[in-house]
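# Observations on the three-dimensional arrangement
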Amino acid sequence: MNPGITSKYFSGTNTFFARLAEGILRWRWPLMVAILLLTAFFFYEMRGLKMDTSTESLFLEGDQTRITYNKFKEIFGSDDFVYILFETEDFFQCETIRLIKQLAKDLEEHVPYIEDMKFLGNVEYVEGVEGGIEIRDLIEEIPETQKQVEIVRKRAMAEPLYLDNLISRDGKTVAILLECERFPEEQIDPRKDIAPAVYKILGKPEYADLTSYVVGSPVLDYEYGKLATRETPLLGLVCIAVEFLLLLWVVRGFRGAIVPLIVVVMSVFWTLGVVGVIGWTLSMFVTLLPVLLICVGIGDSMHVIAEFHDQQNHGLTRRDAIIRTLMLVGTPCLLTSLTTTAGFLSFLAAEVKSMREMGIYTATGVIMAFVLSMILVPILFSFGRERGKAKAGKESLGRLDLFDKILGGIFSLNIRYPRVILGIFILLAILSLIGYSLVEVENNTIKFMNKGMKTRQAYDYVDSHMGGSMSVEIMLDTGRKDGVKDPKFLQQLEALQEHVNTRPLTMKTISMVDLLKKMRRAMHENRPEFYALPETRDQAAEYLFLYETSGGEELDKQVSFNYDMARLNVRTRSLSTKDIKTFTADIEQFVKEKIDPSIKVEYTGGISMINALSCIVKEGQKRSFTVAFIAITIMMIMVLRSIKLGLISMVPNLFPVLIALGLMGFAGIYISVGLMALSAVIIGVVVDDTIHFFIRYRREFNRTGTYELALKATLLTVGRPITFTTMTLVAGFSVFTLSNLNNTVQFGLVASFAFLWALLADFFLAPAMMLLFKPLGAEKQLSG
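Remember, it's a predicted structure, so these values are computed and weren't measured experimentally. (Residues numbered from 1 in each chain as written. Predicted model: local features only at pLDDT ≥ 70, side-chain atom pairs only at ≥ 80, totals over all residues. Heavy atoms only, no water.)

What follows concerns the packing of helix H22 (residues 606-640) against helix H23 (residues 643-667). Closest axis-to-axis distance for the H22/H23 pair is 8 Å, and the angle between their directions is 150°. Considered as vectors, H22 and H23 are oriented roughly antiparallel to each other. As for the relative orientation of H22 and H23, their crossing is right-handed in sense. Taking contact as the criterion, the partners of Gln621, Phe625, Phe629, Ile632, Thr633, Met636, Ile637 and Leu640 in H22 are, on H23, Ile643, Leu645, Gly646, Leu647, Ser649, Met650, Leu654, Val657 and Leu661. Class assignment for the residues of the contact of H22 with H23 results in 13 nonpolar, four polar and no charged. (Axes fitted to C-alpha atoms, helices over the stretch in contact; angles between N-to-C directions. Helix = DSSP H or I, 4+ residues; strand = E, 2+ residues; numbered from the N terminus. Parallel < 35°, antiparallel > 145°, perpendicular 65-115°, else oblique. Left-handed = near helix turned anticlockwise from the far one by under 90°. Contact = heavy atoms within 4.5 Å. Nonpolar A, V, L, I, M, F, W, Y, C, P; charged D, E, K, R; others polar.)

Listed below in C-alpha cells is the structure:
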C-alpha cells in the first residue's frame, strides 16, 4: 500500500478496516474458495427447511390463549374441520344422494387425520320406538322411489341441527363436514397434508360434475404454504431482476451491477441455510424474507463500490483505492448494519412467535450481507486493468452532471428556507399522528387473500350460503362432577346459545342442548312441541344414558368425561377483526349478566385466537418500534459522540414512520401480523442513509468550519449514493405488489412510501435542523 495513504488516513477504526483490506487482498483466492464452499454448504442445508403457517404457531409457549386451546383439545378433541359445500339442482334426487354418499365415503377412507365424517346421509336420526329410542343414519338406504325421497326430505328439513349446516333451506346446497382428530405433536403442522388429499378426491372423473367449495383451517394452512412456496422464489427473482436493471442504470459497468446482487443472494442462501441447520421453522413471513434481505443488504455493497470509483477518479490504483475505500466507508457500513440489526432484533419485544423468528432471521442476514460486502466486493473489484491518470481526471471533472445540479438546487433551498422546510415537516407530522389514530387491526387471514383467488371465493360462497367458515368454542365449566346435568345449568347454556343465535353474524350453534332436545322429542312420539330441555336432573341423566347405550356417538364431543364441562360451538361467517371484537364482547357481556358466576366460561377456537392476536399485534407493533427507536437512538448518540446531534439525527428516522402510519390511517390500511413489523423495519432501514449523512456532515464541518459549506459538500458526496440506495429500496419493495396477499402488497407500498419520505427527510429536514440548531458548535474559519 502507498505509505502516503497509510500515514494520512490511518486512525482508530479506520486502521482496522485498512488492515482488513490489506489482508483481504493478500488472501483473496483462499477467501473466495472459502466463501464458495460456505455458500454451497448453506444452499445444501436449505433442503431441510420446514414451514408452519398455523394460527397457533403465532403464539408463544406459555401464552394463555395457547394454554386454553390445548386444554380444549385435551377435553373435547380437535376443533379443526374441512367443510365442503356442493351446488346441486336438488339434493333430494336418487342419483345425487348416491353420488354424494359415494364421495363422502371416499373422503372418509382416504383423507388423513379425519376422526369423523358427516353429511346428510350418515348423521344421527333419533326416533322414539316402543320401549325407548332408536338411533340410525338419516338416510340408511338410497331412496329408490319419489315417495321415499320425500320421506327423507321431510326428516332432514325438520331437523334444526342439520338445517343450514348440512343442507340449505332450499335443498340445493349440501355439505360434507370432515372433523379432524388431534394431530401428532411431533409433526410440524400436519394439517397441510389434508387439503391435497381432499383436492385429489374431488378431482376424480366421477365427481367432475360437482361444483365444490372447500374451506377450513387445514385448507387455509395448505393454501398459505403453497402460496408462500410459489411467491417466495418468484418475488425474490423479480426483485433481483429489478435491482439489476436499476444498478445498470445508476452505477458504472456490468461489474458494479452484478456484484451487489451476488452479495445479497449469497446472504439469503446463508441465512436460510442457517435456519435449516438449526432446524427452525419458517412462517407466513417467509415471502418477505428474500426481498427484505436483498433490498436491505444491497446498500453496503453500493457504498463500497461508489467510494471505490471515487477514489479511482482521484488517480489511485485499484489496490490503494480499495484500502482507502474500506477506511472511509467501513465504519459507516458497520454502524448501519448494527443499527439495522438492532431494528430487526426489536421484533423480539413482540409476543408473536413468528415475528420474533423473523427478527432473528433478518438480523442474521444483515450481518452476513455486511461481512460479504466487506470481503467479496473488494476481492471482485481488485481484478482488472489500472485506469490511466488522464482518464481518471477526466471522469472526475465529468461528475458535475444533472444529478449534481439537482443536489445543488436542494442545497440552495435549504440555505434560503430552513424555517419554512422545518414548518412543513412539523405540519406533516401532526397530520400523520391524526391518521395514525385511525389505524385499526385486522388478523383474519382470509381477508388478506385476493378476491380472485379460488380459496377466497370458496370462503365467500360458504359465508353467503350456509354453515359459516369460522368458529368460536365456548367452554362452560361447572366445577363439579355431573354439573352439566343440572337443569339450572342447562337452562343457562340454552339461554346463552339462543342469545348467540340471535346475533346477525351467527350462522350455526351446536351444544348438548340440541341433543337433549332431540332425545326428549323422540321420547314423546317425535312430537315437535316436545323439542325442549328435560325438566329434571334425573330426566337429563336418563336421556344422556339412553343416548349412549343406544349407539349415539356425538355426546363425547359436547361434554367432558366427568360431565363437569360443556361445549358450545358457534359457527360464523368469516369475520373481520373489528366484527370479532364486537361479537366476542357481546357474548362476554351476556355471560357476565346472565350466567352464574360459579360457572367458569372460557373462549378458544379460530375467532378467539384472532381476537387475542389483535391485542398482541397492536401491542407488538408499539413495543418493537419503541425498542428499535431507543436502541438506535443510543447507538446514534454513541456513533456521533454527541447527545444533541444524536437526538437530532433521529428526527429524520422517526418522520418516515409517522408519515407511513398516517398514510395507513387515512387510506384505511389495517395493521396485521404482516404489517406489525413495518415501523421497526422502516426505522431500522432508513437509519442507514442517515448515518452516512451525519458522519459525512461532521467530517465536512471539521474540514470547512461552516454549516453551509459542510452541507454542500455532504450533499455532493453522499447525496448520490443515498439516493441510489433509496431507489433500490423503493424498486425492491415495490415487487411485493405482485403478491396475491393484500397485506403483503400493502407492506410493499407503505414501506416504499416511507423510504421516499426518508430520503426527503435526509435532504431537507436534517439540513434544516443542522442549519437552525447548529449542534456541532460555533462555526470557525479554518486557516489555509
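Here we come to a negative patch on the surface. Taken together, Glu115, Glu181, Glu548, Glu553 and Asp556 make up a surface patch of like negative charges. With respect to the helices and strands, the residue Asp556 is situated in the loop between helix H20 (537-549) and strand S11 (565-572). (Patch = residues over 30% accessible without salt bridge, like charges linked within 9 Å, V, L, I, M, F, W, Y side chains within 5 Å. Areas by Shrake-Rupley, 256 points an atom, 1.4 Å probe, with all protein chains shown as cover. Salt bridge = Lys/Arg side-chain N within 4 Å of Asp/Glu carboxyl O. Lys, Arg positive; Asp, Glu negative; His and termini not counted. Charge placed at Lys NZ, Arg CZ, Asp CG, Glu CD.)

With that settled, the discussion passes to unusual backbone geometry. Backbone geometry follows two general trends: most residues other than glycine have a negative phi, and most peptide bonds adopt the trans configuration. In this structure, Asn526 is a non-glycine residue whose phi angle is positive, near 60°. Take Asn526: it is sitting in the loop between helix H19 (512-523) and H20. Looking at Asn526, the relative accessible area reads 27%, which means it is partly exposed. Look at Lys774: it is not a glycine, yet its phi comes out positive at around 45°. Mapped onto the secondary structure, Lys774 falls in the segment after helix H26 (742-773). Assessed through its relative accessible area of 38%, Lys774 is described here as partly exposed. (Buried < 20%, exposed > 50% of the residue type's maximum accessible area, 1.4 Å probe, protein only.)

This part is about empty space enclosed by the protein. Under the defined criterion, the tally for this structure stands at seven cavities of 30 Å³ or more. In terms of lining residues, the largest cavity is bounded by 33 residues, among which Thr55, Ser217, Leu220, Gly606 and Ile610 are the most central. For the lining of the largest cavity, the elements supplying multiple residues, two or more each, are helix H8 (217-250), helix H16 (445-448), strand S9 (470-477) and H22. Classifying every residue of the lining of the largest cavity by side-chain character gives 14 nonpolar, 14 polar and five charged. (1 Å grid on protein atoms, 1.4 Å probe; cavity = no way out; pocket = protein on both sides within 12 Å on 5 of 7 lines; lining within 4 Å. Points joined across faces, edges and corners; volume = space filled by probe spheres on them.)

Next up on the list: the sheet that holds S9. Judged by pairing direction, the sheet is antiparallel, and its four strands sit side by side in the order S10-S11-S9-S12 without closing on themselves. Whereas interior strands pair on both sides, the edge strands pair on one side only; in this sheet they are strand S10 (506-510) and strand S12 (600-604). Each adjacent strand pair in this sheet contributes to an overall mean axis angle of 20°, direction not counted. Sheet topology places S10 next to S11; four bridges connect them, and they run antiparallel. Bridged to Lys508 within S11 is Arg571. Against the sheet, helix H21 (residues 577-594) touches S9, S10, S11 and S12, its axis set at about 170° to S12. Sheet strands in contact with H22 are S9, S11 and S12, and its direction is about 95° off that of S9. (Pairing = 2+ DSSP bridges.)

On to the environment of Val274. With respect to the helices and strands, Val274 occurs in helix H9 (residues 253-278). Taking the C-alpha atoms as reference, Val274 lies 8.1 Å from Met46; in sequence the two are 228 residues apart. Val274 has contacts with Phe42 and Met368, leaving out every residue within four places of it along the chain.

Helix geometry: helix H25 (residues 707-733) is bent most strongly at Val718, by close to 45°, with proline Pro721 lying one to four residues after it. Summarising burial for H25: 21 of the 27 residues are buried, a large majority. (Bend = angle between axes of the 7 residues up to and from the residue.)

Moving on to the side chain of Thr339. Along the chain, Thr339 falls in helix H11 (residues 318-345). Contacts of Thr339, omitting those with residues within four sequence positions, involve Ile632, Met635, Gly684, Val687, Asp688 and Ile691.

A word on the confidence of the model for the protein. The predicted coordinates ought not to be read in detail in places where the model reports low pLDDT. When pLDDT is averaged along the protein, the result is 88, and 96% of the positions lie at 70 or above. No element of the protein has a lower mean pLDDT than helix H1 (residues 3-9), at 43, and none a higher one than helix H15 (residues 418-436), at 96. pLDDT under 50 marks residues 1-11. Its contacts with residues more than four places away, or in other chains, come to 18 contacts. Scored below 50 in pLDDT, residues 390-400 shows 13 contacts in the model against residues more than four places distant or in partner chains. (pLDDT = per-residue confidence, 0-100.)

Attention now goes to the nonpolar core. Taken as a class, soluble globular proteins show a tendency for nonpolar side chains to be buried jointly. Counting 122 residues, the largest nonpolar core has Met664, Tyr697 and Phe733 as the members making the most contacts within it. It is H26 that contributes the most residues to this core, 16 residues altogether. Other than its neighbours up to four places away in sequence, Tyr697 contacts Tyr707, Ala710, Leu711, Thr714, Met770, Leu771 and Leu776. Judged by nonpolar contacts, the second largest core, of 65 residues, contains Ile114, Ile201, Tyr207 and Val214. (Core = buried A, V, L, I, M, F, W, Y, C linked by side-chain atoms within 4.5 Å.)

We now examine the pattern of salt bridges. Applying the stated criterion across every chain, the model contains 39 salt bridges. Ionic pairing is found between Arg356 and Glu351, a salt bridge with its closest N-O pair at 3.5 Å. For Arg356, a relative accessible area of 24% translates into the label partly exposed.

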